[in-house]
Amino acid sequence: MTTLTRTGFLIALAAFIGAGPVRAAAPPTVFAAASLKNALDDIAGRYAQDGKEAGKAAPRISYAASNTLAKQIEQGAPADLFFSADLDWMDYLARKDLIRPDTRVNLLANSIVLIAPKGAATGVTLGPDLGTALGSGRLAMGNVEAVPAGKYGKAALEKLGAWAEVKDRIAQAESVRAALLLVSRGEAPLGIVYATDAAADPNVTIVAAFPPDSHPPIVYPVAITRESTNPDAAAFLAYLRGPVAKAAFERQGFTVLNRATTAARE
């Protein structure tokens, strides 16, 4: 080996050693509506298992009310995907150019129900007499001005003629899961949550289901954020639209829509 060749070899070797081991990309960060927790925890685990040989890791998921997550993204929080419990908050980010519209999908549908602590009397009427069923207690629900489940619940109560009776007796929670917990612990005699939330908590019982035409359609859109640079964000979004995720969502009671859309509502 000539001196020049040997020198080149040593330089290349030093560069290789200095570079260190090749690291897999960090898992994507997902900001997701609180009502998705059971389904997404299951899906994230399966994603990591199915992608183990390819070096895929379970995404990091932050759960909260959709309005809270949207505001955090607006303020620069490092999210790769946003999974909202309603169209309004996805539209909010779309109008601010904070999502990639070509990745947006209306993935799921849900419904809302009236719940009570397990063992409570059933057969509550969804109408003007709802206040009587509350007794001296309060109706637990998400914040009616911001949290999607709270907005759906308020719309339904107005449509059914019950809002005027209960509007001053609402225990407004920061998320639908927080409202669920109030009823599950017996701290509220009644609450309005998604049907999927009620199914996930053995300490509550469904006492009435709200008619679908009493509130706007409950649609869950998902999209990659504008600022995401994670190469696995698209891979996880594709997995959410695949058969494994579909089965997991359906086990939790969601209806899978899987409809791509690029337009925000006016």
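Scoring rules and cut-offs
Residues numbered from 1 in each chain as written. Predicted model: local features only at pLDDT ≥ 70, side-chain atom pairs only at ≥ 80, totals over all residues. Heavy atoms only, no water. 1 Å grid on protein atoms, 1.4 Å probe; cavity = no way out; pocket = protein on both sides within 12 Å on 5 of 7 lines; lining within 4 Å. Points joined across faces, edges and corners; volume = space filled by probe spheres on them. Nonpolar A, V, L, I, M, F, W, Y, C, P; charged D, E, K, R; others polar. Buried < 20%, exposed > 50% of the residue type's maximum accessible area, 1.4 Å probe, protein only. Helix = DSSP H or I, 4+ residues; strand = E, 2+ residues; numbered from the N terminus. Contact = heavy atoms within 4.5 Å. Polar contact = N/O pair within 3.5 Å; in protein donor to acceptor, adjacent residues only side chain to side chain. Axes fitted to C-alpha atoms, helices over the stretch in contact; angles between N-to-C directions. Parallel < 35°, antiparallel > 145°, perpendicular 65-115°, else oblique. Left-handed = near helix turned anticlockwise from the far one by under 90°. pLDDT = per-residue confidence, 0-100. Pairing = 2+ DSSP bridges.

1. Regarding empty space enclosed by the protein
If a probe the size of a water molecule is rolled over the atoms, the empty space left behind becomes visible. By the definition in use, this model includes 1 cavity of 30 Å³ or more. The volume enclosed by the largest cavity comes to roughly 60 Å³. As for the largest cavity, its lining consists of 13 residues, and the residues nearest its centre are A65, A85, V147, P148 and V176. Residues of the lining of the largest cavity, tallied by class, amount to 10 nonpolar, 3 polar and no charged.

2. Re helix 4 (residues 87-95)
Inspection of helix 4 places L87, W89, M90, D91, Y92 and L93 among the buried residues, and these make up the whole buried set. For helix 4, the secondary structure elements touched by its buried residues are helix 3 (66-74), strand 3 (81-83), strand 4 (105-109), helix 6 (148-159) and strand 10 (219-224). At the N-terminal end of helix 4, a side-chain oxygen is found 3.2 Å from the backbone nitrogen of W89, two or three residues along, and the residue is D86. A positive backbone phi angle near 60 degrees is found at D97, which sits one or two residues after helix 4.

3. As for the packing of helix 2 (residues 37-50) against helix 11 (residues 243-251)
Close contact between helix 2 and helix 11 brings their axes to 9 Å; oriented N to C, the two are set at 155 degrees. One element, helix 2, and the other, helix 11, form an angle in the roughly antiparallel class. Judged by the twist between their axes, the crossing of helix 2 over helix 11 is right-handed. Residue-level inspection shows A39, L40, D42, I43, R46 and D50 of helix 2 in contact with helix 11, the latter providing V244, A245, A248, F249 and R251. The residue makeup of the contact of helix 2 with helix 11, split by class, is 7 nonpolar, no polar and 4 charged.

4. Here's the deal with the environment of K37
Within the secondary structure layout, K37 lies in helix 2. Taking the relative accessible area as the measure of exposure, K37 reaches 36% and is therefore partly exposed. Considered as a pair, K37 and I61 are 24 residues apart in the sequence and their alpha carbons are 8.8 Å apart. In this structure the side chain of K37 is engaged in a polar contact, spanning 2.8 Å, whose partner is the side chain of D41.

5. Side note on the confidence of the model for the protein
Summing up the model confidence of the protein, the mean pLDDT is 89 and the portion of residues at 70 or higher is 88%. Note on residues 9-23: pLDDT under 50 across the span, and 0 contacts to partners over four residues away in sequence or across chains.

6. A closer look at the sheet that holds strand 6 (residues 139-142)
An order of 7-6-8-5-9 is seen for the 5 strands of this open sheet, with the pairing classed as mixed. Only two strands of the sheet have a single neighbouring strand rather than two, namely strand 7 (170-173) and strand 9 (204-209). Taking the axes of each pair of neighbouring strands and ignoring which way they run, one obtains an average angle of 35 degrees across the sheet. Strand direction decides the pairing type here: strand 5 (residues 112-117) and strand 8 (residues 190-194), joined by 4 bridges, are antiparallel. Along strand 8, the bridge assignment pairs L114 with I192. This element, helix 6, spans strand 5, strand 6 and strand 8 of the sheet and lies at about 125 degrees to strand 6. Along the sheet, helix 8 (residues 176-184) makes contact with strand 5, strand 6, strand 7, strand 8 and strand 9, crossing strand 8 at roughly 145 degrees.

7. Focus on unusual backbone geometry
Among all residues save glycine, negative phi is the norm, and among peptide bonds the norm is trans. The phi torsion at D97 lies on the positive side, around 60 degrees, for a residue other than glycine. Within the secondary structure layout, D97 lies in the loop between helix 4 and strand 4. A relative accessible area of 44% places D97 in the partly exposed class. Its identity is not glycine, yet N258 carries a phi of approximately 55 degrees, on the positive side. Mapping N258 onto the fold places it in strand 11 (residues 255-260). On the basis of relative accessible area, N258 is assigned to the partly exposed category, the value being 27%.

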